[in-house]
There are 2 protein chains.
Amino acid sequence: MDSTLPQYKQVYEILRKHILEGVYNEGDLLPSENELCAIHKVTRPTIRKALDRLVNEGYIKKQQGKGSIVSGKPKGVGILSLSGTTSALGDEKLVTKIIVKPELRQWDHAFSFSITEQEKEAGCIYFERLRIVNGKPVFFDTTMIPNLNLPRFLSLKLENKSLFDILRTRYQIEVTGGEQKIFATTGDKKLQKLFNVNAGHPVLQLDRKIETSRIGLTIYSQVFCNTDEYALYGTF
Amino acid sequence: MDSTLPQYKQVYEILRKHILEGVYNEGDLLPSENELCAIHKVTRPTIRKALDRLVNEGYIKKQQGKGSIVSGKPKGVGILSLSGTTSALGDEKLVTKIIVKPELRQWDHAFSFSITEQEKEAGCIYFERLRIVNGKPVFFDTTMIPNLNLPRFLSLKLENKSLFDILRTRYQIEVTGGEQKIFATTGDKKLQKLFNVNAGHPVLQLDRKIETSRIGLTIYSQVFCNTDEYALYGTF
DNA sequence: AATTTAAACTTGTATATACAAGTTGATGTT
DNA sequence: AACATCAACTTGTATATACAAGTTTAAATT
């Protein structure tokens with residue numbers, strides 16, 4: 001497929017990358033909109049559309065008369081993002097262990113969410129991961145994705161990459177919204193064993209239904225988190 | 001002060017109000033962009049800017065070739081919003097009890113967040129609220145706001161209105177971003193008593209630092225939630 | 001020297017225009 | 001009747017232009 005990104009998205013991707021890679025650091029001013037126009041050979045409305053997106057996602061803040069100031073921290077996926085947590089900790093200290101490798105399953109519901117007939121027919125890609133921070137298991141997440149035109153997904157390695165980065169770069173799928181429910185609970189025995197905690201230990205549970213730019217593709221995710229040492233952190 | 005809102009914001013406010021008041025319901029199509037142009041006597045880029053905002057906040061979804069589809073549910077304040085929970089439950093079933101009325105206090109930190117010298121000097125407006133759903137206490141929140149040019153705030157009644165609605169309509173202050181930490185914990189004795197639960201009962205804790213469009217004004221909020229029957233719910 | 005003023009930046013708002021691309025329904029054709 | 005085509009919608013992208021409004025810097029004035 002061709003699928004050339006629109007210019008404002010191209011500029012957005014470049015600036016976003018530069019911020020993440022440290023070309024621009026927190027507190028820095030981006031080049032002015034007119035300079036960006038010259039650099040990328042587009043007009044100001046196009047540049048402003050790219051910048052609007054960076055503002056919405058929390059990468060920059062704008063101040064009239066002054067410029068675009070780099071915030072640095074990514075917004076994450078709407079709410080609290082594990083990737084946000086990841087980046088806050090530094091990747092080298094985080095280990096991902098696949099408990100259940102991506103496999104095809106039948107389903108008729110996704111956690112506390114109901115699914116459509118279409119989703120039921122497609123079946124779901126299912127996997128479980130345990131995230132270990134400095135030797136301590138902190139996150140356990142279960143993900144369900146309807147098996148709709150995601151070639152070679154089952155053979156992808158999820159250890160070191162963010163699911164959403166894979167979807168974005170490999171399949172051009174972006175998160176457009178979603179809903180979530182958050183509980184404080186005590187995990188079951190399986191979870192107590194995975195987290196190595198006693199019965200009755202408080203655990204955070206997060207059920208998410210994540211809508212994407214591909215119509216019909218909704219991702220369902222359930223995350224358990226031991227917040228003893230590491231809180232679930234996010235910017236918005 | 002004059003402070004006439006820009007046209008795109010005026011259109012945004014009108015459409016937002018109409019969605020919330022049920023002029024347009026979930027699943028409905030908004031008038032097309034060209035029709036909205038005619039209605040509000042502005043050009044399409046202006047209308048599109050208003051719609052962009054509604055999309056970002058989750059009020060509508062757009063589909064090329066079709067139109068703008070009303071989602072209905074508000075996005076809330078970036079993350080999970082109590083107002084979102086409120087609206088999901090229906091206001092009549094929610095009772096707010098003021099535990100500590102808004103008062104001026106000294107402070108040198110806000111929960112797990114540190115504060116600036118300027119904020120420290122200004123002192124803080126402090127209040128505590130308990131939210132009761134169908135007779136069951138579910139939320140307990142503590143709020144700290146630096147006392148910076150918020151006339152008559154101390155005499156406002158917070159029982160029936162959202163704090164953020166007050167800030168937006170009365171002081172033209174909007175939330176621009178923030179950060180938060182979420183824990184699963186067991187509440188202290190005060191909280192056990194407020195929630196009427198046993199010791200060791202899992203409770204959700206949420207520390208939020210909320211930045212606003214008024215420079216220097218950051219709101220600090222700590223929320224405890226008993227998620228036995230009602231999960232913290234939010235869309236994004 | 002201190003203050004005021006103005007110029008030269010910055011982002012914010014708004015218009016007018018053009019064409020691309022997706023959706024829908026009506027009109028033909030088979 | 002079923003299908004294909006087309007026209008008339010819809011939103012998406014992009015340009016060119018203009019002026020308003022906030023910030024900073026430098027020049028002019030006191």
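Residues numbered from 1 in each chain as written. Chains lettered and ligands numbered in written order. Predicted model: local features only at pLDDT ≥ 70, side-chain atom pairs only at ≥ 80, totals over all residues.

Caption draft 1: Spotlight on the overall build of chain A. The helix and strand tally for chain A stands at seven helices and 11 strands. Counting all 236 residues of chain A, 35% fall into the buried class. Within chain A, residue pairs in contact and separated by at least 24 positions form 60% of the contacts whose partners lie at least 6 positions apart. (Helix = DSSP H or I, 4+ residues; strand = E, 2+ residues; numbered from the N terminus. Buried ≥ 20, exposed ≤ 12 C-beta atoms within 10 Å, placed from the backbone. Contact = placed C-beta atoms within 7 Å.)

Caption draft 2: Structural context of the nonpolar core. Within the largest apolar cluster, 33 residues are counted, with the highest numbers of intra-cluster contacts made by A:Ile182, A:Leu204, A:Cys225, B:Ile182, B:Leu204 and B:Cys225. Beyond its immediate sequence surroundings of up to four residues, B:Leu204 is in contact with A:Ile182, A:Phe183, A:Ala184, A:Leu204, B:Ala184, B:Phe224, B:Cys225, B:Thr227 and B:Leu232. (Core = buried A, V, L, I, M, F, W, Y, C linked by C-beta atoms within 7 Å.)

Caption draft 3: How the structure looks around the packing of helix 1 (residues 7-21) of chain A against helix 3 (residues 44-56) of chain A. Residues and elements named next belong to chain A. Taken N-terminus to C-terminus, the directions of helix 1 and helix 3 make an angle of 50 degrees; their axes are 8 Å apart at the nearest point. By the criterion of interaxial angle, the relationship of helix 1 to helix 3 is oblique. In this structure, helix 1 meets helix 3 at a crossing whose hand is right-handed. Mapping the contact onto sequence places Gln7, Tyr8, Val11, Tyr12, Leu15 and Arg16 in helix 1 and Thr46, Ile47, Lys49, Ala50, Arg53 and Leu54 in helix 3. (Axes fitted to C-alpha atoms, helices over the stretch in contact; angles between N-to-C directions. Parallel < 35°, antiparallel > 145°, perpendicular 65-115°, else oblique. Left-handed = near helix turned anticlockwise from the far one by under 90°.)

Caption draft 4: Structural view of the protein's contact with DNA strand C. Neighbouring residues of DNA strand C: 22 residues in total, closest A:Ser32, A:Glu33, B:Gln7, B:Pro45 and B:Gly65. Listing elements by their share of the surface near DNA strand C, those giving two or more residues are helix 2 (33-40) and strand 2 (67-70) of chain A together with helix 1 (7-21) and helix 3 (44-56) of chain B. Classifying every residue of the surface near DNA strand C gives five nonpolar, 12 polar and five charged. (Near = placed C-beta within 6 Å. Nonpolar A, V, L, I, M, F, W, Y, C, P; charged D, E, K, R; others polar.)

Caption draft 5: Examining the protein's contact with DNA strand D more closely. Taken together, 21 residues sit near DNA strand D, with A:Pro6, A:Gln7, A:Pro45, A:Gly65 and B:Ser32 positioned nearest. For the surface near DNA strand D, the secondary-structure elements that each account for two or more residues are helix 1 and helix 3 of chain A together with helix 2 (33-40) and strand 2 (67-70) of chain B. Among the residues forming the surface near DNA strand D, the class breakdown is five nonpolar, 11 polar and five charged.

Caption draft 6: Here's a closer look at the environment of B:Glu103. All names here are of chain B. Along the chain, Glu103 turns up in strand 3 (residues 94-105). On the basis of neighbour counts, which here come to 10 C-beta atoms within 10 Å, the residue Glu103 falls in the exposed class. Along the backbone, Glu103 and Phe127 are 24 residues apart, and their C-alpha atoms lie at a distance of 6.6 Å.

Caption draft 7: Structural detail: the pairing of strand 6 (residues 124-133) of chain B. Residues and elements named next belong to chain B. As defined by bridge partners, strand 3 adjoins strand 6 across nine bridges and the pair is classed as antiparallel. Directly across from Leu104, in strand 6, lies its bridge partner Ile125. The pairing of strand 6 with strand 7 (residues 136-146) spans 10 bridges and is classified as antiparallel. The residue of strand 7 that forms the bridge with Phe127 is Thr143. The hairpin turn running from strand 6 into strand 7, its antiparallel successor, is two residues long, and Asn134 in that turn takes a positive phi close to 50 degrees. (Pairing = 2+ DSSP bridges.)

Caption draft 8: Here's a closer look at the packing of helix 2 of chain A against helix 3 of chain A. Residue and element names in this part refer to chain A. The N-to-C vectors of helix 2 and helix 3 enclose an angle of 105 degrees; their axes lie 9 Å apart at closest approach. Here helix 2 is positioned roughly perpendicular relative to helix 3, judged by the angle of their axes. Contact residues: Glu33, Asn34, Leu36 and Cys37 in helix 2; Arg44, Ile47 and Arg48 in helix 3. The class makeup of the residues in the contact of helix 2 with helix 3 is three nonpolar, one polar and three charged.

Caption draft 9: Looking closely at the pairing of strand 1 (residues 60-63) of chain B. Residues and elements named next belong to chain B. Summarising the sheet, strand 1 and strand 2 pair through four bridges and their orientation is antiparallel. Across the sheet, Lys62 pairs through a bridge with Ser68, a residue of strand 2. Following strand 1, the chain reverses through three residues before pairing antiparallel with strand 2; Gly65 in that reversal takes a positive phi of roughly 85 degrees.

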